[in-house]
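Structure assessment
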Amino acid sequence: MTVADEFELKIDRLGARGDGIGEHRGQQIYVPFTSAGDLVRVRLGQKRGDGRSAAVVDVVSAGPDRVSPPCPHFGQCGGCTMQHLSPSAEQVWKRDLVIDALKQRGFDDISVAETIAVPSRSRRRTTFTVVRAGGRVLFGYLERGSHQVVPIEVCAVLDPTLDALIKPLTVLANTLSIPKKGLNISLTATSSGVDLVIGGHRELDLDLRQRLTDFVLQHDIARLSWGVKYPELVIAQRAPVVEFGGVTVEPAPGGFLQASPAAEQALSGQVLDHLGGCKRIIDLFSGAGTFALALGAGGAAMTAFDGDEAAIAALAAAANRSAGRINIDATMRDLERRPIGLHELKSIDGVVLDPPRAGAKAQCDVLATSDVGKIAYVSCNPATFARDARTLVEGGYTLVSVSPINQFPWSSHVEMIGRFERESTFK
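Here's what I pulled together on the structure shown here. (Residues numbered from 1 in each chain as written. Predicted model: local features only at pLDDT ≥ 70, side-chain atom pairs only at ≥ 80, totals over all residues. Heavy atoms only, no water.)

Applying the stated rule across the entire model yields 5 aromatic pairs. Ring geometry for Phe-33 and Phe-74: centres 5.2 Å apart, planes at 75°, overall edge-to-face. Taken as a pair, Phe-33 in the loop between strand E4 (27–31) and strand E5 (39–48) and Phe-74 in the loop between strand E6 (51–61) and helix H1 (87–103) lie far apart in primary sequence, 41 residues in all. In this structure Phe-33 comes out as partly exposed when scored by relative accessible area, which is 23%. Residue classification places Phe-74 among the buried residues on the basis of a relative accessible area of 17%. Aromatic rings pair up to connect Phe-128, Phe-139 and Tyr-141 into one cluster. (Phe/Tyr/Trp six-rings, centres within 6.5 Å; stacked < 30°, edge-to-face > 60°. Helix = DSSP H or I, 4+ residues; strand = E, 2+ residues; numbered from the N terminus. Buried < 20%, exposed > 50% of the residue type's maximum accessible area, 1.4 Å probe, protein only.)

Time to look at the side chain of Ser-186. Mapped onto the elements, Ser-186 comes out in strand E10 (residues 183–190). Side-chain polar atoms of Ser-186 contact the side chain of Thr-127, separated by 2.9 Å. Those residues in contact with Ser-186 that sit more than four places away from it in its chain are Thr-126, Thr-127, Asp-195, Leu-196 and Val-197. (Polar contact = N/O pair within 3.5 Å; in protein donor to acceptor, adjacent residues only side chain to side chain. Contact = heavy atoms within 4.5 Å.)

To continue, consider the pattern of salt bridges. Following the criterion strictly, the structure yields 19 salt bridges and no others. Linking Glu-114 and Arg-95 is a salt bridge whose minimum nitrogen-to-oxygen distance equals 3.9 Å. Here Glu-114 is found in the loop between H1 and strand E7 (125–133), whereas its partner Arg-95 is found in helix H1, with 19 residues between them in sequence. The partly exposed category is assigned to Arg-95, whose relative accessible area is 23%. Within the structure, one salt-bridge network assembled from shared partners comprises Glu-6, Arg-41 and Arg-43. (Salt bridge = Lys/Arg side-chain N within 4 Å of Asp/Glu carboxyl O.)

Look at helix H7 (residues 309–321): 18 Å from first C-alpha to last across 13 residues, which is about the 18 Å you get at 1.5 Å a residue. All buried positions along H7 are accounted for by Ala-311, Ile-312, Ala-314, Leu-315, Ala-318 and Ala-319. The arc enclosing the buried residues of H7, seen along the axis, measures out at 160°, which places them on a common side. Those residues of H7 that are exposed and angled more than 90 degrees off the buried face are Glu-309 and Asn-320. Tucked into the core, H7 has its buried residues touching strand E15 (247–249), helix H6 (292–297), strand E17 (301–306) and strand E18 (328–332). With a side-chain oxygen positioned 2.9 Å from the backbone nitrogen of Ala-310, the residue opening H7 is Asp-308. Downstream of H7 by one or two residues, Ala-323 has phi in the positive range, about 55°. (Expected span 1.5 Å × (residues − 1). Arc of directions from axis to C-beta.)

Given below as structure tokens:
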């Protein structure tokens, strides 16, 4: 069989990456941008694991879950992979991703809730890539599985405030010096305006400062910073702020926030419901205080740890602004290298952790031997969550429930939160 071979294929199911999977001559075929029940004509591609990849040539007949993608860039732009799937089918598929990951770690009877939906056009943060290629500047997102930039004019996932800046930023990018490796432009929509970070490498001269300042004033940007590792403030018309637990937080330029306010609200609600009765709580991988401030506002004595110095500084400043209403001790710490020890967990009755995709293996090894009564574990990776859940359960915890949240619509990513309790804490 040659790479150029074409044939019709019935798609049986969706895989973990979101590709449709069918069988041809005893071999699994993985086809992006297809849904279960589709009959498609495909062109066979390269070997992939135990099967082969393939590209859609034509949709012969659509399955029941296929819909028309809302974005004109879908299929080229690598930002979304599932716009062809109906919302209800996407919610079911993402719940199945969580269930399958848990089953692989021996969790066959865990209560997994229905996926909590997040509306489209609600993404409040994004990063664009800018490169110079073929004599022109390309502003957009990377193509799927490639380093090529797909120029875009609109984005169906973004908050409308950010979407409206795509064309003006494309014009601005054409006036900038673009290094060979390109540069990134990050945007965050806050309650007081857009926070903009341009990852430029060249030194800010008077002319560049003026052009950037003019852009900020023309488009009413809250704050603009320039640079890569430690962005330099160019101009701030006002502080970009968000609110956690009724407390105003000024995130660092390009600082981490949950991607969608709706998802943040859903996660915070779950965390508060589970840990609301706890008096002394540790927040691990706290960021700027999404959960710490909400829990602290409820009266808990909080200790927060994160490896990001700017995030911890933002959290500490927010706690100070509460004028004693919230009790939080915020400390910078690399939790992967220095997980919280058993002695630090004494008298702690609740823990919330929200680690990066790699999970919190070292920290869960310690927690599994602790006396902490309740743990709320927020994760963006079902596989590492299931691994860490197995560690906690073997240490004596019960995984009470899991809730998937579709924080990243039209992608293969799913957010989730698991509730753990030691049996002595059950009511």
